[in-house]
Amino acid sequence: MMQNENNKTDEQTPTTATAATTGGGGGGEGGGGGGVQRRYATSFQRDLMAGAVMGGVVHTIVAPIERAKLLLQTQDSNLAIVDGRHRRFRGMFDCIFQIVREEGFLSLWRGNGSSVLRYYPSVALNFSLKDLYRDILRNSDDGPPVMSGTAANFFAGAAAGCTTLVIVYPLDIAHTRLATDIGRDGTRQFRGVWHFLSTICKKEGVGGVYRGLPASFHGMIVHRSIYFGGFDTIKEILTKESNLELALWKRWLAAQAVTTSAGLISYPLDTVRRRMMMQSGLKRPMYQNTLDCWSKIYRTEGVTSFYRGALSNMFRSTGAAAILALYDEVKKFMNWSSLKRI
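Residues numbered from 1 in each chain as written. Predicted model: local features only at pLDDT ≥ 70, side-chain atom pairs only at ≥ 80, totals over all residues. Heavy atoms only, no water.

Quick look at empty space enclosed by the protein
Across all of its chains, the model carries 6 cavities of 30 Å³ or more by this definition. What the largest cavity holds in volume is close to 540 Å³. In this structure, the largest cavity is lined by 30 residues; those nearest its centre are Tyr 119, Met 220, His 223, Arg 224 and Arg 316. Counting residues per element, the ones that place at least two in the lining of the largest cavity are helix H7 (112-138), helix H8 (149-179), helix H10 (213-242), helix H11 (248-277) and helix H13 (310-341). Class assignment of the residues belonging to the lining of the largest cavity gives a composition of 11 nonpolar, 11 polar and 8 charged. In this structure, the second largest cavity spans a volume of roughly 60 Å³. Residue assignment for the lining of the second largest cavity shows that the elements contributing at least two residues are helix H3 (32-61) and H13. Broken down by element, the residue count for the lining of the second largest cavity peaks at 4 residues, all from H13. (1 Å grid on protein atoms, 1.4 Å probe; cavity = no way out; pocket = protein on both sides within 12 Å on 5 of 7 lines; lining within 4 Å. Points joined across faces, edges and corners; volume = space filled by probe spheres on them. Helix = DSSP H or I, 4+ residues; strand = E, 2+ residues; numbered from the N terminus. Nonpolar A, V, L, I, M, F, W, Y, C, P; charged D, E, K, R; others polar.)

Focus on the packing of H11 against helix H12 (residues 290-301)
One way to put it is that H11 packs onto H12 with a least axis distance of 10 Å and a crossing angle of 110°. The orientation of H11 relative to H12 falls into the category roughly perpendicular. Here Pro 268, Leu 269, Val 272, Arg 275 and Met 276 of H11 come into contact with H12, specifically with Thr 290, Cys 293, Trp 294, Ile 297 and Glu 301. The residue inventory of the contact of H11 with H12, partitioned by class, reads 7 nonpolar, 1 polar and 2 charged. (Axes fitted to C-alpha atoms, helices over the stretch in contact; angles between N-to-C directions. Parallel < 35°, antiparallel > 145°, perpendicular 65-115°, else oblique. Contact = heavy atoms within 4.5 Å.)

Quick notes on a nonpolar patch on the surface
A cluster of nonpolar residues, Leu 264, Leu 311, Met 314 and Phe 315, forms a patch on the protein surface that exposes about 350 Å² of accessible area. Considering every element that reaches the nonpolar patch, the biggest residue donor is H13, with 3 residues. Within the fold, Leu 311 resides in helix H13. (Patch = residues over 30% accessible without salt bridge, like charges linked within 9 Å, V, L, I, M, F, W, Y side chains within 5 Å. Areas by Shrake-Rupley, 256 points an atom, 1.4 Å probe, with all protein chains shown as cover. Salt bridge = Lys/Arg side-chain N within 4 Å of Asp/Glu carboxyl O.)

Some points on the side chain of Ser 305
By the secondary structure assignment, Ser 305 is in the loop between H12 and H13. Residues contacting Ser 305, with those up to four places away along its chain left out, are Asp 76, Thr 271, Arg 275 and Ile 297.

Description of the environment of Thr 318
When you line up the elements, Thr 318 lands in helix H13. According to the relative accessible area criterion, Thr 318 is partly exposed, its value standing at 36%. Once the C-alpha coordinates of Thr 318 and Ala 257 are considered, the two residues, 61 residues apart in sequence, prove to be 9.9 Å apart. Sequence-distant contacts of Thr 318, defined by excluding residues within four places in its chain, comprise Trp 252 and Gln 256. (Buried < 20%, exposed > 50% of the residue type's maximum accessible area, 1.4 Å probe, protein only.)

Keep in mind these values describe shape, not function.
Now the structure itself:
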């Protein structure tokens, strides 16, 4: 009896779509809604772990480029630069070299601790929720699916991004503020994640660590829908044409194209959200709201300022593309390991 149940589980786990189709039609105790719920729970846990494994490792590798990108993107709202205590950065390499000269080599990873704390749940939840939402949209036991094909892919990606954003936003804003905190230990504004969060909460309350959330929603909807939805759609099209599992190098090329496109299209939105994050804890904020931020950047700095740091972001996107391409490999490894244990 136990062996039969294990065999059923093994047959259901390899592909999510197949499992959703067969899970609702079974009879007895294991069929019906209970089977679908168990399948969603098992798939969600596996996706969560796969995303967590990929997130922390990849982001630590690209952390120096990430810090340079944030410094370039926010330097017109960085008090250390606006007040004249620190000169402006002229580009990605100038930024990296200057940081190393003034703060030391390891300072390139400043804020990476908060970033990894954020990325483990962020990447894990993004991937697992994206797959969960897509399964729910595409598979219905009571009638036709709510959405299908490309629409489901893009909607699931945007919904997963927004859900995750609300959960990890305090760590996201902490990462931005720590990475853009210029200077050595004695001159920096914040000493770490906890010091930042406690300082802002004392000054502004909980709302202070959610500064810039509306602007972040705008960017997240655009970026995650293209990042996840575009990649899943391309992967499905190429897989259908070849009737074979897509080779890793093809998945990486598709992931790189989608990641670069998503980054460039949503970059002005990301610039505005980072600028709004920089307002936390300020007595006199530079921007009153998201619309005011858009207006002031355009009038005082010009259109090109919305894309400041975009080149650094393209280099950094290699890590995000690797996460997309290798995610399925990690899931397959985890699924194979579970089968071996059985």
